Amino acid sequence: MTPTFPFSAIVGQEEMRLAILLAAIEPRLGGVLVFGDRGTGKSTAVRGLAALLPKLRVVAGCPYGCDPAAPCDDCLASSRVKDGKAVRTNLVQAPVVDLPLGATEDRVVGALDLERALSQGIKAFEPGLLARANRGFLYVDEVNLLEDHLVDLLIDVAASGENVVEREGLSVRHPARFVLVGSGNPEEGELRPQLLDRFGLSVEVTTPTDLAQRIEVVKRRDAYERDPLAFAARWKKEDERTRRKVTAARERLDRVEVDDAALEAAARLCMQLGTDGLRGELTLMRAARAVAALDGAARVTTAELRRIAAPALRHRLRRDPLDDSGSTARVDRALVEVFG
Amino acid sequence: MNDGALREVVRHADWDDASLAAACIAVDPIGLGGVLVRAAAGPVRDAWLARWRALLPASTPVRNVPLHVDRDRLHGGIDLAASLVAGRPVEQAGLLVQVDGGYVVLAMAERIDVSVAASIAAVLESTDAGRGARTRFAVIALDEGDGDEHVPDALVERLALCVDLRACSIKAVIDAPRHDIDAARERLPRVTVGDDVIAALCETAGTLGIDSMRMPFFALRAACAIAALEGRDAVDEDDAARAARLVFAKRVRRLPAQDASQEASQEASGDADAAPDDAADRPDPDPSSGGPDEQADSDPTSDAVDAAAHADADASPPSPDVRESLEDVVLEAAVAAIPAGLLARLAADAAAQRAAQPIRLCHGMRDHRIRQQC
């Protein structure tokens, strides 16, 4: 199989790369939305993410890839788990599942297993994409073009972490905890606010204006297309290093200290911006902590808050009819007002 | 040169570009992704399709995909009839898998549902057809849109080549040089590209406001295909310039010189009003019929208009005393092939932007209109 374009070989786009790394480090962040111009490497970056994720330990044979430490109902009811312990476990690649536009609902949520229904007359559930994405990432390219009924479904499942299937005579519920990653081009349609809110970080990408950078992008893409294997081999070490950084950051994450001063600074920033609810502050804190973990810092300071404020907050601003400056500019201004 | 003769030349240029695009996509379907063919159904388009088909190796799969194709047929699913006969589910490979190594022809692509277009685009790029199947193919998107409708951007973005046959008369359909596709395919992997060519393509795309980084890359692939067709092992200046015509010209969003004079842009916007959304005729580029006269020579925008009209008539560069860099050659070639309707609109845009700097309300709409052009 052709290897994907290595994450490390992406030129520039620091904010996007940081946001994707943070999502890999801290799944509770709630995923990343990458919005911007076409042809800026959005989907390339997301597809490169899989190679950076630490492997997952799963109950062998579980269709939802559940954690041996917390087996799902399906596993508990089966012979895969005995006395609350998994009989066999596997170490697998964390899933990064593509949700294609125009996917049918039965393919997303799962459906009646036709094969078994027809051949054996058994009513069985055939898991869908949401099942496969459990404990991993669900990627929707062109997320703003996703049909409404699929958006509704995602909003619901992303919030509850559980997929409830009541259709075709089936009644199934299974864990579907995934990190949502979306990308799109805002010129072609807006995202429903409820879905927007599900994303922890929102990144704006623009095409590189620096000629040298543009040339490098084209050169690397050309090298990759000509010989994907050789290109991937050349970047393997770098990807490996990034993966170790992610793994190390995950381990450090819980030890990163968030003191009252940092909490207060985050709260002041959110108040200044008038973001809705507490989700903004929570995301800002978690993201700043993940940044600190990535950098190997012991505690969150205003430096981390500054670095991640725009992606954590820019999609949570209320529209201000008297202020037509972009949301990034508004966050930057608030940063200056609050932190000086 | 009189009007009629000039038009004839322009039309021939369109046909030449289209012929070259047909040869390119025959040589490198996978690298180039496909061709957007803007043309009404008719003998000219038929001639182009016939020419393209004639270039393909005999066993190449080509499938016409109708607008009403359903998802299962496109991406694979249960074969209902076979399943009922067999008493067990029989999977059927989708069209996109069946066409592996070949071409999908989308008729009336301007009417295609956005999600269908995006799903084809996704397979085109990821080669992942679902259920573990891999497929690589190219798309020939036939666009009969007359301005209101356009092929979804998600798809257009993944097709390297744009050809426009709407201004091309059947008289222009002449025999283009025969190419040895097999030899070119065999040569293609060996074709090398100098850094100067890559730089020139990147710079040109940037100058013309073409943001997507796919486009300079596509132009690079097209230049390699052209070099392979010409039997060369390295891309030269001419290959790069011709690739820029095929890839960039219909996607231009900004003219190279922003400080065009007022008169020229008014002239251009007048033309845009007279011929909204790319009527079949190009606006009259002949200075003697009331366009900008002396002023035109010193004016960058009308230079561009001029270049578009005269590029094939006389190859004299705007400033002959300056030795042209590779960038200039590539840029000029791309500008020369901008369709007249788009060119007029871009000039009008530049003028409007100067006239109303602070008001940017309609900007998005205008962008949208420009994208429709491509």
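Bear in mind that the values here come from a model prediction, so they are computed numbers and not experimental data.

Draft legend 1. Region of the structure containing unusual backbone geometry. All names here are of chain A. Located in the positive-phi region is Glu 142, a residue other than glycine, with phi close to 55 degrees. Counting through the fold element by element, Glu 142 comes out in the loop between strand E9 (137-141) and helix H7 (148-160). Look at Glu 168: it is not a glycine, yet its phi comes out positive at around 50 degrees. Inspection of the secondary structure puts Glu 168 in the loop between strand E10 (162-167) and strand E11 (170-175).

Draft legend 2. Examining the pairing of strand E5 (residues 103-106) of chain B more closely. Residue and element names in this part refer to chain B. Because side chains alternate across E5, one face comprises the buried residues Tyr 103 and Val 105, and the other comprises Val 104 and Leu 106, equally buried. Looking at chain direction, strand E2 (residues 62-65) and E5 are connected through four bridges and run parallel. Bridge pairing in E5 links Asn 64 to Val 105. Of the pairings in the sheet, the one linking E5 to strand E6 (residues 138-143) comprises four bridges and is parallel in character. Its bridge partner being in E6, Val 104 is matched across the sheet by Val 139. This β-α-β element, E5 to helix H7 (residues 114-126) to E6, shows right-handed connectivity.

Draft legend 3. How the structure looks around the packing of aromatic side chains. Counting across every chain of the model gives seven aromatic pairs over all chains. Seen from their ring centres, A:Phe231 and A:Trp235 are 6.2 Å apart, and the 45 degrees between their planes marks the pair as tilted. Note that A:Phe231 and A:Trp235 are positioned in helix H10 (residues 228-253) at a spacing of four residues, about one turn of the helix. Between B:Trp48 and B:Trp52, the aromatic rings sit 6.3 Å apart at their centres with planes inclined by 10 degrees, giving stacked as the arrangement. With B:Trp48 and B:Trp52 both in helix H3 (residues 43-55) and four residues apart, the pair spans about one turn of that helix. Across the pair, exposure class does not vary: B:Trp48 and B:Trp52 are buried alike. Taken together, the ring pairs connect A:Phe5, A:Tyr224, A:Phe231 and A:Trp235 into an aromatic cluster.

Draft legend 4. Spatial organisation of the state of the cysteines. One pass over the structure, following the stated rule, counts zero disulfides over all chains. No disulfide involves A:Cys62; its nearest neighbouring cysteine sulfur is the one of A:Cys75, lying 3.4 Å away. Judged by its relative accessible area of 11%, A:Cys62 falls in the buried class. Looking at the unpaired B:Cys168, the closest cysteine sulfur is the one in B:Cys162, lying at 16 Å.

Draft legend 5. Up close: helix H12 (residues 237-247) of chain B. All names here are of chain B. Buried residues dominate H12, accounting for eight of its eleven residues. Here H12 has its buried residues at Asp 239, Ala 240, Ala 241, Ala 243, Ala 244, Arg 245, Leu 246 and Val 247. Where H12 begins, the side chain of Asp 236 points an oxygen toward the backbone nitrogen of Asp 238, at a separation of 3.1 Å.

Draft legend 6. Expanded view of helix H12 (residues 279-295) of chain A. Residues and elements named next belong to chain A. Its 17 residues place the ends of H12 24 Å apart at the C-alpha level, agreeing with the 24 Å of an ideal helix rising 1.5 Å per residue. Among the 17 residues that make up H12, twelve are buried, leaving the element largely enclosed by the rest of the structure. Among the residues making up H12, those that are buried are Gly 280, Thr 283, Leu 284, Met 285, Ala 287, Ala 288, Arg 289, Ala 290, Val 291, Ala 292, Ala 293 and Leu 294. Of the residues trailing H12, Gly 296 is marked for its positive phi of about 75 degrees.

Draft legend 7. View of the pattern of salt bridges. Inspection of every chain in the model, using the stated rule, returns 42 salt bridges over all chains. Two residues, A:Arg192 and A:Asp152, come together in a salt bridge whose shortest N-O distance is 2.8 Å. Linking A:Arg192 in the loop between strand E12 (179-184) and helix H8 (193-198) with A:Asp152 in helix H7, this pair joins segments that are 40 residues apart in sequence. Residue classification places A:Arg192 among the partly exposed residues on the basis of a relative accessible area of 29%. Of the charged contacts in the structure, one is a salt bridge between B:Asp28 and B:Arg221, with a shortest N-O distance of 3.3 Å. Here B:Asp28 is found in the loop between helix H1 (3-27) and helix H2 (29-32), whereas its partner B:Arg221 is found in helix H11 (residues 214-229), with 193 residues between them in sequence.

Draft legend 8. Looking closely at the sheet that holds E9(A). Residue and element names in this part refer to chain A. One open sheet accounts for five strands, arranged E6-E9-E12-E1-E13; its pairing is parallel. If you trace the sheet from one side to the other, it starts and ends with strand E6 (96-98) and strand E13 (201-205), each paired once. With direction set aside, neighbouring strand axes in the sheet form an average angle of 20 degrees. Judged from the three bridges that link them, E6 and E9 form a sheet pairing that is parallel.

Draft legend 9. Region of interest: the interface of chain B and chain A. Contacts between the two partners involve 37 residues from chain B, matched on the other side by 33 residues from chain A. Both faces considered, chain B and chain A share a buried interface measuring about 2,900 Å² in area, 59% of it formed by carbon and sulfur atoms. When the area that chain B buries against chain A is broken down by residue, the three leading residues are B:Arg71, B:Met213 and B:Phe217, summing to 21%. Here A:Lys219 makes a salt bridge to B:Asp195, at a shortest N to O gap of 3.0 Å. Linking chain B with chain A are six residue pairs in polar contact (both at pLDDT 80 or more). At the level of elements, H7, helix H8 (153-156), helix H10 (195-207) and H11 of chain B are the ones that each hand at least two residues to the side of chain B that touches chain A. For the side of chain B that touches chain A, the leading source of residues is H10(B), giving seven residues.

Parameters at a glance
Residues numbered from 1 in each chain as written. Chains lettered and ligands numbered in written order. Predicted model: local features only at pLDDT ≥ 70, side-chain atom pairs only at ≥ 80, totals over all residues. Heavy atoms only, no water. Helix = DSSP H or I, 4+ residues; strand = E, 2+ residues; numbered from the N terminus. Buried < 20%, exposed > 50% of the residue type's maximum accessible area, 1.4 Å probe, protein only. Pairing = 2+ DSSP bridges. Right-handed = clockwise from strand over helix to strand, strands pointing away. Phe/Tyr/Trp six-rings, centres within 6.5 Å; stacked < 30°, edge-to-face > 60°. Disulfide = S-S within 2.5 Å. Polar contact = N/O pair within 3.5 Å; in protein donor to acceptor, adjacent residues only side chain to side chain. Expected span 1.5 Å × (residues − 1). Salt bridge = Lys/Arg side-chain N within 4 Å of Asp/Glu carboxyl O. Axes fitted to C-alpha atoms, helices over the stretch in contact; angles between N-to-C directions. Contact = heavy atoms within 4.5 Å. Buried area = accessible area lost by both parts, 1.4 Å probe.

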